[in-house]
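Chains, contacts and geometry: an overview
One letter stands for each residue in the lines below.
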Amino acid sequence: MYYLKDELYRLVEKKQLSKFKMVAFDMDGTLLNSDHKLSDRTIVSIKTIADRGILVLLATARMTSAIKNHIEKLGTSGIVVAHDGALVKDVITGQVYHHETIPKNLVVQLLELLEEKKTVVHFNFDEDIYLTVSNPYSNRLSQELGVCFKYISSLKYFELTPTSILLIDVKDVLQHLLLTISEQFEGQFEFVMAPWQNNIWRLQFVAQNSSKGKGVLLVAKHFGIKPEEIVSFGDNYNDMDMIQKTGLGIAMRNAVPELKQVSDFVTLSNQDDGVAYVLEALFN
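Right, let's walk through the structure included here. Remember, it's a predicted structure, so these values are computed and weren't measured experimentally.

**Remarks on the overall build of the protein chain**
- Helix and strand counts for the protein chain stand at 11 helices and 14 strands.
- By the compact-globule yardstick of 19 Å for 284 residues, the protein chain fits well, its C-alpha radius of gyration being 19 Å.
- In the protein chain, which comprises 284 residues, the proportion classed as buried is 55%.
- A separation threshold of at least 6 residues defines the contact pool for the protein chain, and within that pool the share at least 24 residues apart is 61%.
- Accessible surface for the protein chain amounts to roughly 13,000 Å². Of this, 48% is attributable to carbon and sulfur atoms.
- Charge-centre separation for the protein chain: the mean point of 29 positive side chains lies 3 Å from the mean point of 35 negative side chains.

**Focus on helix H6 (residues 136–145)**
- Taken together, the buried positions of H6 are Ser-138, Leu-141, Ser-142, Glu-144 and Leu-145. The arc that holds the buried residues of H6, viewed along the axis, is 160 degrees, so those residues lie on one side. For H6, exposure combined with an orientation more than 90 degrees from the buried face picks out Pro-136 and Gln-143.
- Between the side-chain oxygen of the N-cap and the backbone nitrogen of Tyr-137 there are 3.1 Å, and the N-cap of H6 in question is Asn-135.
- Gly-146, located one to two residues past H6, shows a positive phi value of around 75 degrees.

**Some words on the packing of aromatic side chains**
- Across all of its chains, the model carries six aromatic pairs by this definition.
- Geometrically, the ring pair formed by Phe-25 and Phe-233 is stacked, given 5.3 Å between the ring centres and 15 degrees between the ring planes. Of the two residues, Phe-25 is situated in strand E1 (residues 22–25) and Phe-233 in strand E12 (residues 230–234); the sequence distance between them amounts to 208 residues. In this structure, Phe-25 and Phe-233 share a single accessibility class: buried.
- Ring plane angle 70 degrees and centroid distance 6.3 Å describe the contact between Tyr-137 and Trp-196, whose orientation is recorded as edge-to-face. Taken together, the residues span a long stretch of sequence, with Tyr-137 in helix H6 and Trp-196 in strand E10 (residues 189–197) at a distance of 59 residues.
- Through successive ring pairs, a cluster of aromatic residues spans Phe-189, Phe-191 and Phe-205.

**Some details on the sheet that holds strand E3 (residues 79–82)**
- Taken together, the eight strands give an open sheet; going across it, the order is E5-E4-E3-E2-E1-E12-E13-E14, and neighbouring strands pair in mixed fashion. Each end of this open sheet is capped by a strand with a single partner; those strands are strand E5 (96–99) and strand E14 (265–266).
- By the bridge criterion, two bridges tie strand E13 (residues 248–251) to E14 in an arrangement that is parallel. Of the residues in E14, the one forming a bridge with Ala-251 is Val-266.

**Considerations on the nonpolar core**
- Grouped together as the largest cluster of nonpolar side chains are 37 residues, with contacts concentrated most on Val-23, Phe-25, Leu-58, Phe-233 and Leu-279.
- In terms of residue count, the dominant contributor to this core is helix H11 (residues 274–283) (six residues).
- Ranked by size, the runner-up nonpolar core spans 25 residues in total, among them Ile-102, Phe-125, Ile-152 and Leu-203.

**Observations concerning the sheet that holds strand E7 (residues 129–131)**
- Here we have six strands laid out as an open sheet, ordered E8-E7-E6-E9-E11-E10, and mixed in their pairing. Among the strands making up the open sheet, the edge pair consists of strand E8 (150–151) and E10.
- Across two bridges, strand E6 (residues 120–124) lies against E7 in antiparallel orientation. Counted as the bridge partner of Asn-124 is Ile-129 from E7.
- Its contacts with the sheet put helix H5 (residues 104–114) on E6, strand E9 (164–170), E10 and strand E11 (200–207), and the angle it makes with E9 is roughly 20 degrees.

**Describing the packing of H5 against helix H7 (residues 171–184)**
- Where H5 contacts H7, the axes come no closer than 11 Å and their chain directions differ by 140 degrees. Judged by the sense of rotation from one axis to the other, the crossing of H5 with H7 is right-handed. Between H5 and H7, the residues in contact are Leu-106, Gln-109, Leu-110, Leu-113 and Leu-114 and Leu-177, Thr-180, Ile-181 and Gln-184, respectively.

**Comments concerning the environment of Glu-112**
- Secondary-structure assignment places Glu-112 in helix H5.
- Residue classification places Glu-112 among the partly exposed residues on the basis of a relative accessible area of 45%.
- With 157 residues separating them in the primary sequence, Glu-112 and Ser-269 have C-alpha atoms 40 Å apart.

**Considerations on the pairing of E5**
- Here strand E4 (residues 87–90) pairs with E5 via three bridges, running antiparallel. Across the sheet, Lys-89 pairs through a bridge with Val-96, a residue of E5.
- Between E4 and E5, which pair antiparallel and follow one another directly, the connecting turn spans five residues, one of which, Gly-94, has a positive phi of 90 degrees.

Quick notes on the rules
- Residues numbered from 1 in each chain as written.
- Predicted model: local features only at pLDDT ≥ 70, side-chain atom pairs only at ≥ 80, totals over all residues.
- Heavy atoms only, no water.
- Helix = DSSP H or I, 4+ residues; strand = E, 2+ residues; numbered from the N terminus.
- Rg over C-alpha atoms; globule rule 2.2 N^0.38 Å.
- Buried < 20%, exposed > 50% of the residue type's maximum accessible area, 1.4 Å probe, protein only.
- Contact = heavy atoms within 4.5 Å.
- Areas by Shrake-Rupley, 256 points an atom, 1.4 Å probe, with all protein chains shown as cover.
- Lys, Arg positive; Asp, Glu negative; His and termini not counted.
- Charge placed at Lys NZ, Arg CZ, Asp CG, Glu CD.
- Arc of directions from axis to C-beta.
- Polar contact = N/O pair within 3.5 Å; in protein donor to acceptor, adjacent residues only side chain to side chain.
- Phe/Tyr/Trp six-rings, centres within 6.5 Å; stacked < 30°, edge-to-face > 60°.
- Pairing = 2+ DSSP bridges.
- Core = buried A, V, L, I, M, F, W, Y, C linked by side-chain atoms within 4.5 Å.
- Axes fitted to C-alpha atoms, helices over the stretch in contact; angles between N-to-C directions.
- Left-handed = near helix turned anticlockwise from the far one by under 90°.

Written out as structure tokens, the structure reads:
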């Protein structure tokens with residue numbers, strides 16, 4: 001596979017990218033393998049670049065409780081972009097750099113629309129996830145994230161300012177819900193809709209102007225790092241702006257086709273240590 005590295009070297013030379021100061025990683029489908037774990041090779045490659053003074057940043061749809069154990073294994077900075085950019089926080093010190101919640105009126109309307117449907121609904125806060133009924137989709141997601149969810153009798157009278165809301169259902173149902181809510185609250189929220197398993201999709205709502213790309217650039221600005229000094233890795237639709245707004249955008253071989261089209265380079269799959277492959281080529 002050395003031809004891939006040759007292609008990468010030519011790309012870096014063509015774009016005149018001589019010095020990288022930050023590397024931003026999506027987690028599921030990118031940094032983590034199909035078992036949602038860090039491989040030994042990936043851990044070594046990330047520790048190597050961190051030791052050289054390069055800022056390592058995890059940028060994910062996950063909440064902070066589902067990121068902490070991976071940060072501990074990597075031994076890197078605790079700053080993360082969580083909830084698809086709605087929360088930027090240092091999970092080690094607790095310092096919050098940015099936090100936006102979903103408007104109450106949008107939450108109320110969304111719950112009303114879902115009242116008669118079987119769509120799975122998760123209220124996601126900084127660290128906790130709340131839902132009403134145990135179901136196979138939530139149980140599987142809990143295992144993937146490595147966190148326990150909290151069950152309550154009703155979301156309707158619960159605290160109505162979550163950091164993000166996740167819906168799980170078939171694609172057609174989610175698209176219809178999205179169309180309805182968009183007509184009533186145009187421009188008041190951001191969303192990411194992506195395939196998950198078989199014909200089941202996930203739709204995540206976050207506050208207006210929140211995205212992974214904006215979260216990554218916010219952290220970069222805090223540390224005096226320019227966008228062109230950032231390498232980013234991703235595999236799904238919620239990685240689009242991060243890939244496009246950074247100096248070198250890398251898509252995984254298992255990424256959705258649309259992300260591959262806007263990326264600078266396509267590496268090996270997450271199951272084949274595609275992240276480590278690029279880091280070893282760029283920084284060794």
